[in-house]
Amino acid sequence: MAAASLPQLDDEIVRGMAIGAVFTDYAGKINCLDFHRKEDLLVTSSEDDSIRLYNITNATLTKTTYHRKHGADRVCFTHHPSSILCSSRYNLESAESLRYLSLYDNRCLRYFKGHKERFACLFVFVLLHFLCVATNSEWQMLRGSLDHSVRIWDLRVNACQGILRLRGRPSVAYDQQGLVFAVAMEGGAIKLFDSRSYDKGPFDTFLVGGDTAEVSDIKFSNDGKSMLLTTTNNHIYVLDAYGGDKRCVFSLEPSPNVTNEAAFTPDGQYVISGSGDGTLHAWNINTVQEIASWNSHIGPITALKWAPRRAMFATASTALTFWIPSQSN
């Protein structure tokens, strides 16, 4: 399998996505996956306590490390391609529930103290590595927890820099420029904060009317104009990021005990999502039409993301699959 550079996407290309590679050597469910923003890398965390690094240009596994003491729950890249953040599955009462790790030499660079509950968000922590270095924002991160709080951290110090106390379980995301972060809560409330003055409170609040389910995930599109909101009752909302208006709503069949993840394509024109019955779905945002449905071949999807720089997305359950345009396209 060879990953192609990202073309101008259209319905035909998205509809023609097909499995290019499958990795079935996991001994448990894959909890999370993340693509690096600038390098052709993917990292996964799994219930078998492994963290695995892949080169996505040819879909090869390049490194595997095991973390038996703490486990591996949520994971994401930092600004450096060999450094990641990983939340723990075990020993949550300790001061080691969140770790800053070097994959280069399998070394823990720092522990972060604070939460004593597991993290709630699929985007547990999103780093501000998109602003200029002078703002120091490349070192900032967010994380949301089941203890109904969002904490702001600086990668260079152990101590928490700020805490937001919220109603219900939060889901958090930064926009791609790192200027704004959104916090979504139960009841459809979305609060927007200026990342440089979050202590002054939200500068805007949206209400997604008619949906009282918990929010399982929130994401910004790359251009910052739209937000993608996924709820625990399998509703997927595309919202205007400036006014909170609903651009479109997609619904999937109920899937008890399965939390689905949805993702924008890099151009923000399509949404893809897993479902509890093991199928994948793709919608055109402009026409508000479902344009494709595929059998995942790996069961209900636990994690899904589109590569930032490639015509590729990855899905995970107890196996990892890479999807690329079929050869006929």
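Residues numbered from 1 in each chain as written. Predicted model: local features only at pLDDT ≥ 70, side-chain atom pairs only at ≥ 80, totals over all residues. Heavy atoms only, no water.

Under the annotation held in an unreviewed UniProt entry, the protein chain carries the name WD repeat-containing protein 82-B and is attributed to Dichanthelium oligosanthes. Quoted verbatim from the Sequence similarities (unreviewed entry) field of UniProt, the annotation for the protein chain is "Belongs to the WD repeat SWD2 family." Under the UniProt heading Subcellular location (unreviewed entry), the entry covering the protein chain gives this text: "Nucleus". (UniProt positions renumbered as here; feature names shortened; annotations may be inferred.)

Caption draft 1: Highlighting the overall build of the protein chain. For the protein chain, the count of helices and strands is one helix and 27 strands. Considering the protein chain as a whole, with its 329 residues, one finds that 58% of them fall into the buried category. The long-range share in the protein chain, meaning contacts at least 24 apart out of those at least 6 apart in sequence, stands at 47%. Total accessible area on the protein chain is roughly 13100 Å²; 48% of this is exposed by carbon and sulfur atoms. (Helix = DSSP H or I, 4+ residues; strand = E, 2+ residues; numbered from the N terminus. Buried < 20%, exposed > 50% of the residue type's maximum accessible area, 1.4 Å probe, protein only. Contact = heavy atoms within 4.5 Å. Areas by Shrake-Rupley, 256 points an atom, 1.4 Å probe, with all protein chains shown as cover.)

Caption draft 2: Highlighting the packing of aromatic side chains. Within the structure shown, the criterion is met by 11 aromatic pairs. With 6.5 Å between their ring centres and 55 degrees between their planes, F181 and Y198 make a pair best called tilted. Here F181, found in strand 14 (residues 180–185), pairs with Y198, found in the loop between strand 15 (189–194) and strand 16 (204–207); they are 17 residues apart in sequence, far enough to count as distant. Aromatic pair F313 and W323: ring centres 5.4 Å apart, planes at 10 degrees, arrangement stacked. Residue F313 is found in strand 26 (residues 313–316), and its partner W323 is found in strand 27 (residues 320–325); the two are separated by 10 residues along the sequence. The class of F313 is buried, set by a relative accessible area of 1%. Judged by its relative accessible area of 2%, W323 falls in the buried class. A network of ring pairs unites the aromatic residues Y174, F181, F193 and Y198 as a single cluster. The ring of Y26 carries R52 above its face, with NZ or CZ at 3.9 Å from the centroid. (Phe/Tyr/Trp six-rings, centres within 6.5 Å; stacked < 30°, edge-to-face > 60°. Lys NZ or Arg CZ within 6 Å of the ring centre and 35° of its normal.)

Caption draft 3: Fine view of the sheet that holds strand 16. The strand order across the open sheet formed by four strands is 13-14-15-16, and the pairing between neighbours is antiparallel. In the strand order of this sheet, the two ends are held by strand 13 (171–174) and strand 16, each with one partner. Direction aside, neighbouring strands of the sheet carry axes that sit 20 degrees apart on average. With four bridges joining them, strand 13 and strand 14 adopt antiparallel strand pairing. If you follow A173 over to strand 14, its bridge partner there is A182. (Pairing = 2+ DSSP bridges. Axes fitted to C-alpha atoms, helices over the stretch in contact; angles between N-to-C directions.)

Caption draft 4: Broad picture of the confidence of the model for the protein chain. Averaged over every residue, the pLDDT of the protein chain is 82; residues scoring 70 or more account for 83%. Taken together, the stretch residues 117–139 has pLDDT below 50 and engages in 94 contacts with residues farther than four places along the chain or on a different chain. (pLDDT = per-residue confidence, 0-100.)

Caption draft 5: Examining the pairing of strand 24 (residues 289–295) more closely. Of the strand pairs in this sheet, strand 23 (residues 279–284) and strand 24 are connected by six bridges, and their pairing is antiparallel. Bridge pairing in strand 24 places A282 opposite A292. The antiparallel hairpin formed by strand 23 and strand 24 contains four residues in its connecting segment, where V288 sits at a positive phi of about 55 degrees.

Caption draft 6: Expanded view of the state of the cysteines. In this structure the tally under the stated criterion is zero disulfides. For the unlinked cysteine C108, the closest cysteine sulfur is that of C86, found at 9.8 Å. The partly exposed category is assigned to C108, whose relative accessible area is 28%. (Disulfide = S-S within 2.5 Å.)

Caption draft 7: Broad picture of the side chain of T65. Note on placement: T65 falls in strand 5 (residues 60–66). Engagement of the side chain of T65 in a polar contact is seen with the side chain of H67, the distance being 2.9 Å. Apart from residues no more than four positions distant in its own chain, T65 is found in contact with D49, S50, I51 and N106. (Polar contact = N/O pair within 3.5 Å; in protein donor to acceptor, adjacent residues only side chain to side chain.)

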